[in-house]
Every structure is written in structure tokens, then in C-alpha cells.
Amino acid sequence: MASAKLLALPLLALGGAALWAGAPASAPAAGKPRRIVSINLCADQLVLALADRAQIAGVTRNATDAEMSGEAAKARGLPVLKNSAEQILAIDPDLIIGMPASRSAPMRALKGHSYHLLDLQTANTVDEIYASIRQTAAAVGHPERGEALVARMEAQLAGIGRPGGGKVAAYYQRRGFMTGTGTLIDDLMRRMGLVNLAAKLGKPPLSQLSIEEMVAAQPDYLIVESATDKVADQGTEMLHHPALAGIPRISIPQAWTVCGSPAYVDAAQGMARQLARFQDRTHAR
């Protein structure tokens, strides 16, 4: 999970293909779909990573936002959807990917029209991300890319190891929200060899912890979104309270963690580099 404005965003794991209610649609032409539409930020990132650019007929308006999408550079110049059923009708896509696609606002508006849909659900572990990658790659006609991407991610994560060394960390967000167990962030922290403070305190997947409570808990690290490195509003101001100044911070972009995507590796590598710097400083004393 990332910022409070994105807390309601589910992540990814493939649920399977489906057809919108109505007359059965014929299968896409043999081979690869030629007009793929993504109607969700998290679906955008898998489509951009796995499909040919020429196959992509539309992505969401958030796809080009580097603060929200790990694949923003690839999205620039592609047609941007505005959550409009009319746009989808005009494109006449042969594959629509969403999370889930079948219950999205545009598809509810298009009830009675038949489209090939790929429904994506929440991925809260890296293994679920791998499943999403493989099945999305197959859906867009490039299964070999899915296998190659998974192999690359596995190798990169294996090279990182567990640099956290059992230290306690809290993923602390605007207005004091803390991310708990059963989340992608929690999976990432455990993979890095860190203990999630939320788990230690028995907190739910999302909770609020005051500055006083955080200081009393004495975590070894605070993990924060890089967008909060500077005070931008009241929500970020509390993260810069002097009482928290003595807790080392690991800063990562929310674009790497808001969705279950290949950016999971970027988040892990970024955390590992910062943990290594903290350890170097400790050894130098």
C-alpha cells in the first residue's frame, strides 16, 4: 500500500478470463490480440511490461504518472482512456484488462455488449505477482516474455538476500497510517529480512499509529514514500516531527509498491541499497 489516497487500490493477481454478460463473443483472431485496453492502473503496468506497443489501444490516465506507475515511461504517447464507455465502444477492443474488468464502471455502462475480459485480483505476495505476469503474458500473446520476466525477477531477488538482519521496520505513511500483515509491503519487508512493526504490535493490514506510539515502539527503521521526503501538506508534516528524527529512514517511491508488478524488484533493490548504507555507517563508528 502506498499513500492514503491509494489505500483502496487493490493490487494484482490473475483471476482468469471472462466474458461480459450477453451473447457469447467469438474468440480473437488466431494469434495475439491487436487492440488491448487496460482500465486499471495496476493492469496498465502488466500490459505495458508484456505487450507490444502496437497492441495497446488504451491505458488509464494514471499510466503516465511516474509517481503512481512503475511503467510510466512506456505509457507516454499511448491513447489515454478517461473511464469512458464511449471510448471503449469506439476502440472495439479484442481484450480488456481490469481489476476486475467485469465490475468496472465502464463495463457496467456497456452491459449487453460482449467483450473478452481478463479479470485481475489482488496480489499480496511476489509469488502472486509471478502468477499474474505469466497469465497476463499468455493473454496478450507473449507467454515467453512472462517466463523471461519471472526468471529475471527471481534472479535479481536472489542476489539481494536478506539484508534486514531481523531488524524491525514500520511502513509509515501520511497521517500516521501504518501498513500491516497480509499486504504486498509486508511480503516485501519479510523477503528483505525485516520484521514488520505492525505484525509485532498485532495491528491489522491498515492502522494508524500516533507519533508518540511510534516513538515508544522504537522501530529500527521507518519505511516511507519518497514523495513524503519533503513537507507538502499536513499529512506529510507529521512524518517530519522532531521526535521521529532519530529513526533511520528507507525511502521508496509509491509507484514501486502501489501495485503488484515488476517494480517489486525495484523496491527491494532500493531498500537493500539503503540498508547497506546504514550498516556501513554503523560499522564505521
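Details of the state of the cysteines
This model, assessed by the stated rule, comprises 1 disulfide. In this model Cys42 forms its disulfide with Cys259; the gap between the sulfur atoms is 2.0 Å. On the sign convention where negative means left-handed, the S-S torsion of about -70° between Cys42 and Cys259 marks this disulfide as left-handed. Placement of Cys42 in helix α1 (residues 41–50) and of Cys259 in the loop between β12 (249–252) and α11 (263–284) is noted, with a sequence separation of 217 residues between them. For Cys42, a relative accessible area of 0% puts it in the buried group. The exposure class of Cys259 is buried, given its relative accessible area of 1%.

Concerning the pattern of salt bridges
Two side chains bearing opposite charge may form a pair once their charged atoms approach each other closely. Per the counting criterion, the structure on display carries 6 salt bridges. A salt bridge links Arg134 to Glu147; the nearest nitrogen and oxygen atoms lie 3.0 Å apart. You can see Arg134 sitting in helix α5 (residues 126–139) and its partner Glu147 sitting in helix α6 (residues 143–160), a full 13 residues away along the chain. The exposure class of Arg134 is partly exposed, given its relative accessible area of 34%. Note that Arg190 and Asp187 form a salt bridge whose closest N and O atoms lie 3.9 Å from each other. Of the two residues, Arg190 and Asp187 are both situated in helix α7 (residues 184–191); the distance of 3 residues between them amounts to about one turn of the helix.

Here's the deal with α7
Of all 8 residues in α7, 6 are buried, a share of seventy percent or more. For α7, every residue scored as buried is listed here: Leu184, Ile185, Asp186, Asp187, Leu188 and Met189.

Regarding the packing of α5 against α6
The angle between the axes and the distance between the axes are what describe a pair of packed helices. For the pair α5 and α6, the least separation of the axes is 6 Å and the interaxial angle reads 160°. Accordingly, the angle class assigned to the pair α5 and α6 is roughly antiparallel. In this structure, the crossing between α5 and α6 has a hand that is right-handed. Contacts between α5 and α6 involve Val126, Ile129, Tyr130, Ile133, Arg134, Ala137 and Ala138 from the former and Pro143, Gly146, Glu147, Leu149, Val150, Met153, Glu154 and Leu157 from the latter.

Topic: the sheet that holds β12
Reading across from one edge, β9-β7-β11-β12 is the order of the 4 strands in this open sheet, with parallel pairing throughout. Each edge of the open sheet is held by one strand with a lone partner, namely β9 (195–196) and β12. In terms of strand pairing, strand β11 (residues 221–225) meets β12 through 4 bridges, oriented parallel. Pairing of Ile223 across the sheet is with Ile250, part of β12. The strands touched by α7 within the sheet are β7 (168–171), β9 and β11, with β7 carrying the most contacts at an inclination of about 155°.

Remarks on the environment of Asn40
When you line up the elements, Asn40 lands in the loop between β2 (36–38) and α1. Sequence separation between Asn40 and Arg61 is 21 residues; the distance between their C-alpha atoms is 9.2 Å. Among the polar contacts listed, one links the side chain of Asn40 to the backbone nitrogen of Cys42, at a separation of 2.8 Å.

Describing the environment of Ser251
Structurally, Ser251 is set in strand β12. Here the alpha-carbon distance between Ser251 and Ala227, two residues 24 residues apart in the chain, equals 8.6 Å. Ser251 has contacts with Val224, Glu225, Ser226, Asp229 and Gln274, leaving out every residue within four places of it along the chain. Of the polar contacts made by the side chain of Ser251, one reaches the side chain of Asp229; its length is 3.0 Å.

Procedures and definitions
- Note that residues are indexed from 1 along each chain, following the sequence as it is written.
- Since the coordinates come from a predicted model, pLDDT governs what is reported: local features require at least 70, and pairs of side-chain atoms require 80 or more to be given and counted, while whole-chain, interface and lining totals use all residues.
- Heavy atoms from the whole structure form the basis of all side-chain values; hydrogens and water molecules are not counted.
- Count a disulfide wherever a pair of cysteine sulfur atoms falls within 2.5 Å.
- Under the scheme used here, helices are H or I runs from DSSP no shorter than 4 residues and strands are E runs no shorter than 2 residues, and both carry numbers assigned from the N terminus.
- The rule is simple: take the accessible area with a 1.4 Å probe, protein chains only, and divide by the maximum for that residue type; under 20% is buried, over 50% is exposed, in between is partly exposed.
- Should a side-chain nitrogen of Lys or Arg be within 4 Å of a carboxyl oxygen of Asp or Glu, the pair is scored as a salt bridge.
- Axis lines are fitted to C-alpha atoms, over the contacting stretch for helices. Their N-to-C directions set the angle, which ranges from 0 to 180 degrees.
- In this scheme, roughly parallel covers angles under 35 degrees and roughly antiparallel covers those over 145, while 65 to 115 is roughly perpendicular and the rest are oblique.
- Throughout, a crossing is termed right-handed when the near helix is turned clockwise from the far one, and left-handed when it is turned anticlockwise from it by less than a right angle.
- Working rule for contacts: check all heavy atoms of both residues, and any pair within 4.5 Å makes them a contact.
- A pair of strands counts as paired when DSSP detects no fewer than two bridges linking them.
- Any pair of N or O atoms that falls within 3.5 Å is considered a polar contact. Within protein, one atom must be able to donate a hydrogen and the other to accept it, and sequence-neighbouring residues count only if both atoms are side-chain atoms.

Shape is all these values report; function is a separate question.
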